[in-house]
Amino acid sequence: MLLKEINSVNFKQFGTTVTSTVPFEDWQQSLYEDDIRISSSLWHFETECVIEPVSGVGLLFVRTPDSMIQKFLLDTPVRIYPLVQFCVLPYESRLSYRIYSRSSKIITSTANVLTGAGFIPNVHVKTLYTILYQEKSRQFDFRGEKHSFWEFTYVDKGNMICEVDGLPYELKQGQMMFFAPHQFHVQKGDGKSPLTFLTVTFDGDIVQPDMVANRTIYADEACMKIIQNIIQEEHSGSIYSGDMIICELTRLLITVVRNIRSDTIVTRIPTRLKVKVDNAYVSECIELIHQNISSTITLPWLARQLNLSPSYLSSLFKQKVGRSISEYVRLVRLEKVKDMIGEGRYTIAQISDIMGYCSPTYLSTEFKREYDMSPKEYAKMLG
């Protein structure tokens, strides 16, 4: 929390500085002597009051109209406007200060305990238990459980039907949900399409848990990037990957709360492969690939659609996406193959023909090279 100086600009919505406390000596006076171990909630007075530091270094915490807390260095007498919520705490060792008032001090409830010893996080992910990226058939049906820690689920593909403490929810593609500790939750497919989702279980403290629990939440681009970072860290197995994932989980929780508070609405559902780039040509090229993935897609054809030279488009795509056009097409086509296998309506030979592979054998070879299993093994895994 940034420590601010009390001056006419920073402090104008809360009060003003005063050069002398003599004009207030006939008001009610209270002398406070605190040490660094003390913590506090907020206070307010129905009339204006004056705070005078006597000895030591003090911190003045003030709540803004939008319920945020600002922290000021209390090194000068200051007049506080009526009903402004605040408290004073020592910065180091002991602090003495005097309050002049004409009404009684009223304690104001606050979500978190304030202390001069340092910032206490509102969101604190302490323990990471499991990270699981799952692919299930449309008949997926998990009978339900409850546990003493948090669980986070993000639906990458398909629709998930959830029940939380007896209340029904539907998690669509691109949506996520946090299950709070001791909530009984059931998860199942919608019976229409395969289901792919990420589950993370963790333990920690969230000051306002109701902000994130008991609601379906769309993942915007910022949330999607964080979720992708979690998956990449889990796959990498690099040193301190667990620590990085805990940091990303904290970022995700804070981003979700900020989106909820600002009423952010996500209208476009991001997917794992349909990346967002800052170039109109590449964005249009990606759309063309996804729209025509069942057809033959070549670099010259794409270049003609965009009125660009093949060499320029190839170089630009690799620069913005991080992989060649042919590799991107290959991956999108294989993802489509997975979707069709999950639907259960086609044989491998039919999928090979629909998706333009030269033979079912070649399709199987490409599939196994990417996913370390054959199409038949993948279908069997889905059940």
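A. Spotlight on the overall build of the protein chain. Within the protein chain one finds nine helices and 20 strands. Its C-alpha atoms give the protein chain a radius of gyration of 29 Å, more than 25% over the compact-globule value 21 Å for 383 residues. For the C-alpha atoms alone, the extent of the protein chain along its principal axes is close to 95 × 55 × 35 Å. Counting every position in the protein chain, which comprises 383 residues, the buried fraction comes to 45%. Counted over contacts in the protein chain with a minimum sequence separation of 6, partners at least 24 positions apart contribute 76%. Roughly 20,200 Å² of accessible area belongs to the protein chain as shown, and the carbon and sulfur atoms make up 49% of that amount. Separation of charge centres in the protein chain, based on 41 positive and 43 negative side chains, amounts to 6 Å.

B. The environment of Leu60, seen in detail. Within the fold, Leu60 resides in strand β6 (residues 49–63). C-alpha separation for the pair Leu60 and Ile6, spaced 54 residues apart in sequence, amounts to 9.3 Å. Each residue touching Leu60, except ones within four places of it in the same chain, is listed here: Ile6, Phe11, Ile51, Gln70, Lys71, Phe72, Leu74, Val78, Ile80, Phe86, Cys87 and Val88.

C. Region of interest: the environment of Gly58. For Gly58, the location among the structural elements is in strand β6. We classify Gly58 as buried; its relative accessible area is 0%. Residues Gly58 and Leu73, 15 residues apart in the sequence, show an inter-C-alpha distance of 6.3 Å. Ignoring anything within four residues of it in the chain, the contact list for Gly58 reads Phe72, Leu73, Leu74, Leu89, Tyr91 and Leu95.

D. Up close: the packing of aromatic side chains. The tally for this structure, following the rule as stated, stands at 16 aromatic pairs. Measuring from centroid to centroid gives 5.6 Å for Phe317 and Tyr328, while their planes differ by 70°, and the two rings are edge-to-face. Note that Phe317 is positioned in helix α5 (residues 310–321) and Tyr328 in helix α6 (residues 325–343), a separation of eleven residues in sequence. The pair formed by Phe317 and Tyr328 is uniform in burial state, with each residue classed as buried. One aromatic cluster is present, formed by Tyr32, Trp43, Phe45, Phe86 and Tyr97 through successive ring pairs. Between Lys105 and the ring centre of Trp43, over which it is positioned, the NZ or CZ distance is 4.1 Å. Here the guanidinium or amino end of Lys338 rests over the ring plane of Tyr371, the centre of that ring lying 4.3 Å away.

E. Inspection of the pattern of salt bridges at higher detail. Across all of its chains, the model carries 13 salt bridges by this definition. For Arg79, the salt bridge identified is with Glu48, shortest N-O distance 3.6 Å. With Arg79 in strand β8 (residues 78–80) and Glu48 in the loop between β5 (42–44) and β6, this residue pair connects regions lying 31 residues apart in the sequence. The class of Arg79 is partly exposed, set by a relative accessible area of 24%.

F. Main features of the sheet that holds strand β19 (residues 195–206). Strand order in the open sheet made by the five strands is β12-β19-β14-β17-β20, with antiparallel pairing throughout. Bordering the open sheet on either side are β12 (123–136) and β20 (217–218), each of which pairs with just one other strand. Set on the sheet, helix α2 (residues 241–261) makes contact with β12, β14 (150–157), β17 (175–179), β19 and β20; between it and β12 the angle comes to about 95°.

G. Spotlight on the confidence of the model for the protein chain. Within the protein chain, residue pLDDT values average 86, and 90% of them lie at 70 or more. Contacts for the low-pLDDT stretch residues 264–273, under 50 throughout, to residues beyond four places or in other chains number 25 contacts.

H. Layout of the side chain of Thr250. Tracing the sequence through the fold places Thr250 in helix α2. When near neighbours in sequence (up to four residues on either side) are disregarded, Thr250 contacts Val123 and Val125.

I. Seen up close, unusual backbone geometry. Backbone geometry at Asn214 places phi at a positive 60°, although glycine is not the residue there. Along the chain, Asn214 turns up in the loop between β19 and β20.

J. Just the sheet that holds strand β15 (residues 160–164), in detail. Ordered in space as β13-β18-β15-β16, the four strands form an open sheet in which the pairing is antiparallel. Among the strands making up the open sheet, the edge pair consists of β13 (141–145) and β16 (167–171). The mean inter-strand angle of the sheet, taken between neighbouring strand axes irrespective of direction, is 15°. Direction of pairing for β15 relative to β16: antiparallel, over a ladder of five bridges. Paired with Ile161 across the two strands is Glu170, which belongs to β16.

K. Main features of the environment of Arg330. For Arg330, the location among the structural elements is in helix α6. Sequence separation between Arg330 and Thr365 is 35 residues, and the spatial gap between their C-alpha atoms is 12 Å. Those residues in contact with Arg330, other than ones at most four positions away along the chain, are Glu366, Arg369 and Glu370. A polar contact of 3.1 Å, which involves the side chain of Arg330, links it to the side chain of Glu327.

L. Local environment of helix α1 (residues 221–236). With 16 residues, α1 should cover 22 Å at 1.5 Å per step; its first-to-last C-alpha distance of 22 Å lies within 8% of that length. Turning to α1, its buried residues number three or more, namely Cys223, Met224, Ile226, Ile227, Ile230, Ile231 and Glu233. Against the buried residues of α1 lie β12, β14, β17, β19 and α2. Positive backbone phi, approximately 65°, marks Gly237, located one or two places after α1.

What counts, and at which threshold
For every chain, the first residue of the written sequence is number 1, and numbering continues from 1 onward in sequence order. The predicted nature of this model means local features are confined to residues of pLDDT at least 70 and side-chain atom pairs, given and counted, to a pLDDT of 80 or more, with totals for whole chains, interfaces and linings taken over all residues. Only hydrogens and water are removed before side-chain values are computed, so all heavy atoms of the structure are retained for them. Comment: elements are numbered from the N terminus, with helices defined as DSSP H or I runs of at least four residues and strands as E runs of at least two. For this measure, only C-alpha atoms enter the radius of gyration; the expected value for a globule follows 2.2 Å times N^0.38, where N is the number of residues. The rule is simple: take the accessible area with a 1.4 Å probe, protein chains only, and divide by the maximum for that residue type; under 20% is buried, over 50% is exposed, in between is partly exposed. Any pair of residues with heavy atoms lying within 4.5 Å of one another is described as a contacting pair. Accessible areas in this description were obtained via Shrake-Rupley with a 1.4 Å probe; residue shielding takes into account the shown protein chains only. Within this scheme the basic residues Lys and Arg register as positive and the acidic residues Asp and Glu register as negative, but His and the chain ends are omitted. Taken as the charge location is NZ of Lys, CZ of Arg, CG of Asp or CD of Glu. Two rings from Phe, Tyr or Trp (for Trp, the six-membered ring) form a pair when their centres sit within 6.5 Å of each other. Planes less than 30 degrees apart are called stacked, planes more than 60 degrees apart edge-to-face, and all others tilted. The criterion is that NZ of a Lys, or CZ of an Arg, lies within 6 Å of the ring centre and within 35 degrees of the ring normal, and then a charge sits over that ring. Salt-bridge detection follows one rule: a side-chain nitrogen of Lys or Arg within 4 Å of a carboxyl oxygen of Asp or Glu. The criterion for strand pairing is that DSSP finds at least two bridges linking the strands in question. Geometry is summarised by axes, namely lines fitted to C-alpha atoms with helices restricted to the contacting stretch, and by angles between N-to-C directions that run from 0 to 180 degrees. Here pLDDT means the predictor's own confidence in every residue, given as a number from 0 to 100. Within 3.5 Å is the distance limit for a polar contact, defined as a pair of N or O atoms, with the added protein rule that one can donate a hydrogen and the other accept it, and that residues adjacent in sequence qualify only through two side-chain atoms. To estimate the expected span of a helix, subtract one from its residue number and multiply by 1.5 Å.

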